[in-house]
Amino acid sequence: MKITVTVNGQEYLREAEPRLLLVHLLRDGLGLTGTHWGCDTSNCGACVVWLDGVPVKSCTVLAVMADGKDVRTVEGLERDGELDAVQKGFVECHGLQCGFCTPGMLMTSRWLLDHHPDPSEGEIREAISGQICRCTGYENIVRAVRWAAQQETSEQDISRDVTT
């Protein structure tokens, strides 16, 4: 089947077998290998991307289901060479070790902050509960998301002060 999908703002026209998973289209068809393919059972969450603004596990979505839709991957987080606050938080707070779960964690965390700018520790833990990290014990991931939330709140406060 011919499909058209917009990924990180760029439109792609591709041939896709009806059984092709979105994760494979992204990695093998488009060369966007930031999205990891981990468990093939939708348990680990390493493959989380946004489909029309909603986090989905791309190992459970057929590529043809993304036809005409907008996909955002971990490669789409940075803007103009500047890391997203969540990416910076993972660096600053050591929110990653092996890095395998990191793309999915970043995408879920960014979505959380976009919809709830000041989440509690419990809310962060609930948001990332569909993802498995076998290295960190989650403490530093939670710290990283809180760090990002605080940075964004501080930036917004500075912007308000400058404009008033």
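The coordinates are above.
Calculation criteria
- Residues numbered from 1 in each chain as written.
- Predicted model: local features only at pLDDT ≥ 70, side-chain atom pairs only at ≥ 80, totals over all residues.
- Heavy atoms only, no water.
- Helix = DSSP H or I, 4+ residues; strand = E, 2+ residues; numbered from the N terminus.
- Rg over C-alpha atoms; globule rule 2.2 N^0.38 Å.
- Buried < 20%, exposed > 50% of the residue type's maximum accessible area, 1.4 Å probe, protein only.
- Contact = heavy atoms within 4.5 Å.
- Areas by Shrake-Rupley, 256 points an atom, 1.4 Å probe, with all protein chains shown as cover.
- Expected span 1.5 Å × (residues − 1).

> When you look at the overall build of the protein in this model, what are you seeing that I'm missing?
Scanning the protein from terminus to terminus reveals 5 helices and 5 strands. Going residue by residue from the N terminus, the α and β elements of the protein occur as β-β-α-β-β-β-α-α-α-α. For the protein, the C-alpha radius of gyration of 16 Å lies close to 15 Å, the compact-globule estimate for 164 residues. Projecting the C-alpha coordinates of the protein onto the three principal axes gives extents of approximately 50 × 40 × 25 Å. Counting across all 164 residues of the protein, residues that qualify as buried make up 44%. A sequence separation of at least 24 residues applies to 57% of the contacts in the protein between residues at least 6 apart. Split by element, the accessible area of the protein, about 8,600 Å² in all, is 51% carbon and sulfur.

> Help me understand helix α3 (residues 102-115), please; the structure alone is not making it clear to me.
In an α-helix, one turn spans 3.6 residues, which is why side chains three or four residues apart end up on the same side. In this model, α3 (14 residues) spans 20 Å end to end at C-alpha, consistent with the 20 Å of a helix rising 1.5 Å per residue. Among all positions in α3, only Thr 102, Pro 103, Gly 104, Met 105, Leu 106, Met 107, Thr 108, Ser 109, Arg 110, Leu 112 and Leu 113 are buried.

> Got a minute to help me understand unusual backbone geometry in this structure?
Excluding glycine, residues mostly have negative phi values, and the peptide bonds linking residues are mostly trans. Phi at Asp 52 is positive, roughly 50 degrees, even though this residue is not glycine. Relative to the assigned elements, Asp 52 resides in the loop between β3 (48-51) and β4 (54-57). Judged by its relative accessible area of 44%, Asp 52 is partly exposed. One non-glycine residue, Asp 80, lies in the positive phi region at around 50 degrees. For Asp 80, the location among the structural elements is in the loop between β5 (70-72) and α2 (85-92).

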